[in-house]
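In case you want the letters, here they are:
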Amino acid sequence: MASFRPVDFVYYILQWFLDKLLSPTPPPPHARLSRPRIAIIGAGLTGVSSASHCVGHGFDVTLFEAGDDTCLGGIWSKVNNTSGLQIHSVMYRFHPSVRWTAGYPDRQQIVSQIAQLWKRYGLQERTNFNTPVTSVTQDNQGRWIINDPSNGRFDGVIAAVGSCGDPKMPHMPDQEKFKGEIYHSSKLDGKTAQGKKVLIIGGGASAVEALEFVVHTGARSTSVLARSDKWIIPRNAFIDTLLAFNIFGGETIFSWIPEAILRIFFYRDLEDLAPQSQGLFTETPMVNSDIFHQIRSGKAEWLRGDILGFTENGIRFNHRAKGVPKGGPGRESVVEGDMVIMATGYQRPSLAFLPSEVFKEPYQPPNWYLQVFPPQHMSICAKTEIPQVIHLLTQSPPSTQRATLEKYFTPDASFTHPFCRTGSFEGSRWLIWCIYRWYKIMSPRIELEVDSVAYDAQTLTLYVSLHQIFRIWLLPFYSTHASLVTVLRLVPQPQTHHQNTKPPRYLIRSQNDLYQVNEFVKFVSLFGILSVLVFLWQFVATGFCVLGAMVFWPVSWVEQNVVGGNRERGLGDVVKG
């Protein structure tokens, strides 16, 4: 009988609450969704998660998957059954409705969660399997066409092809001479390494999984042949969460602190395997607590160097000392083995189906955030695309915020808000970026909805009505529901002679966020205290207006019967004349 574990019980309850609080409501079966149509390319984890969020918020979605239904789940549908998460599942929540039953779930459970999500949001009827995407183009109205018009026309596209495609299986010198077995690390189901000397080529996450496989299937010895050193961190949810608190996403002046702690307490006597000059946050570290145990127990060894070629009984290997670059001088020897596992990763899926202009700097891969369309390819027409612009500014990382501002705002654009003002001067757009960046830091998860957009063509002015739920991460139970009207002044974008035949495009010259008093005080009022005071003041002021109108009614009587009467008679004389 399984023992009761309080921590697991709390984790299950937490996941239940996250599902109830944050999961979008699935649409009813065969629902006709009225919001813009979105094409999502790829039915892997990211594609299914994106589709479920879109459908849950009323967007009409079509998923395009190159493979058949066995490919649902992307890379997780292709790896070994023994593969699983290297990080704790609390850090791998790709949708609020996901409910893990293990801290480090295996491949079957991950695929099962993806399939359940796919079914829960009715994506079966919205998925086109066996449909490789070869082209994404725009029609004259700016709508996206996937392959050809028979697939429909779309208002937006998400390229969720991921970073792992088919297994990468490079051919190495004299590989055909090797008398043993050679497998890719993703093709180990049904294989065994019992009693064998195993050579693992590669030093990344695939090598870690391959090492776990050969150790647990009883290999006699294992050698990992890696070209470079990579950081390895312990498989510990608390430690991994602390490292994930680096909100800057890269190296900082304080990065030496966790690096030194790892060298002292985790690497210990194997400190030679720690990277010498590569920072902990420059690449994705490997997460595993068993590797060093296997090395210390003599069941495995980790070799740094270059593969020179195969022999009949092993691999010619150039052993390099720490700090010597790839291809540098070293000591050559033959590492013997009778089974080789190519932990060489996967081919990166091609994005060649996208329009060539989307690859302009700085948005060529891999700089796209989750491989969605870069802002600079979105047609500049603020009248129709302002909801997308607002969402990009409030819900995107700093690089996307900046690119959106550079695309849609003039360099001297101004920004006015009840709490801040930039003014207009050359370069003032940078101040707007800082404001939006601070806004995102304070409230990383903003729920914002555009209610309506009105356009005054005579004055080139947009009036955008929207509402938002604003949360401050430092105050866990604080949230504010606020409504406002944003006034955007537009100016035509200068066009070249070649562009004069196209419809005019517009840039934003100024943004003015208008809040009612009872709305903007919500930002500085905990538990709505100031909002209540404003409401009471407005109620009292209304009563004062009624009292004033009654007490000073003679003033209105004189205006109506004396001053107003003479004015009306004068107007009548003019009409008669």
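Everything numeric in this text was worked out from a predicted model, so none of it was measured.

Side note on the pattern of salt bridges
All told, the structure shown has 20 salt bridges when counted by the stated rule. One salt bridge connects Arg304 with Asp272, and the closest N-O pair in it is separated by 3.4 Å. Here Arg304, found in strand E13 (residues 300-310), pairs with Asp272, found in the loop between helix H6 (256-267) and strand E12 (286-287); they are 32 residues apart in sequence, far enough to count as distant. Using a relative accessible area of 10% as the deciding quantity, one classes Arg304 as buried.

Considering the pairing of strand E21 (residues 479-492)
Regular strands place their side chains on alternate faces of the sheet. Of the strand pairs in this sheet, strand E20 (residues 461-471) and E21 are connected by 11 bridges, and their pairing is antiparallel. Looking across to E21, one finds that Ile469 is bridged to His481. In this sheet, strand E22 (residues 506-514) lies alongside E21 in antiparallel orientation, the contact comprising eight bridges. Within E22, the position partnered with Leu490 by the bridge is Ile508.

A short note on the sheet that holds strand E17 (residues 409-417)
If you trace the six strands from one edge of the open sheet to the other, you get E18-E17-E22-E21-E20-E19, paired in mixed fashion. Across the chains shown, the open sheet's two edge strands, defined by having one partner strand only, are strand E18 (420-421) and strand E19 (447-456). Packed on one face of the sheet, helix H9 (residues 398-408) meets E17 and E22 and runs near 110° to E17. Of the strands in this sheet, E17, E18, E20 and E22 touch helix H10 (residues 429-442), which is tilted by about 50° from E17.

Describing the environment of Gly314
Secondary-structure assignment places Gly314 in strand E14 (residues 314-319). Along the backbone, Gly314 and Val334 are 20 residues apart, and their C-alpha atoms lie at a distance of 6.4 Å.

Rules used in this analysis
Residues numbered from 1 in each chain as written. Predicted model: local features only at pLDDT ≥ 70, side-chain atom pairs only at ≥ 80, totals over all residues. Heavy atoms only, no water. Salt bridge = Lys/Arg side-chain N within 4 Å of Asp/Glu carboxyl O. Helix = DSSP H or I, 4+ residues; strand = E, 2+ residues; numbered from the N terminus. Buried < 20%, exposed > 50% of the residue type's maximum accessible area, 1.4 Å probe, protein only. Pairing = 2+ DSSP bridges. Contact = heavy atoms within 4.5 Å. Axes fitted to C-alpha atoms, helices over the stretch in contact; angles between N-to-C directions.

That is the geometry; function is a separate question.
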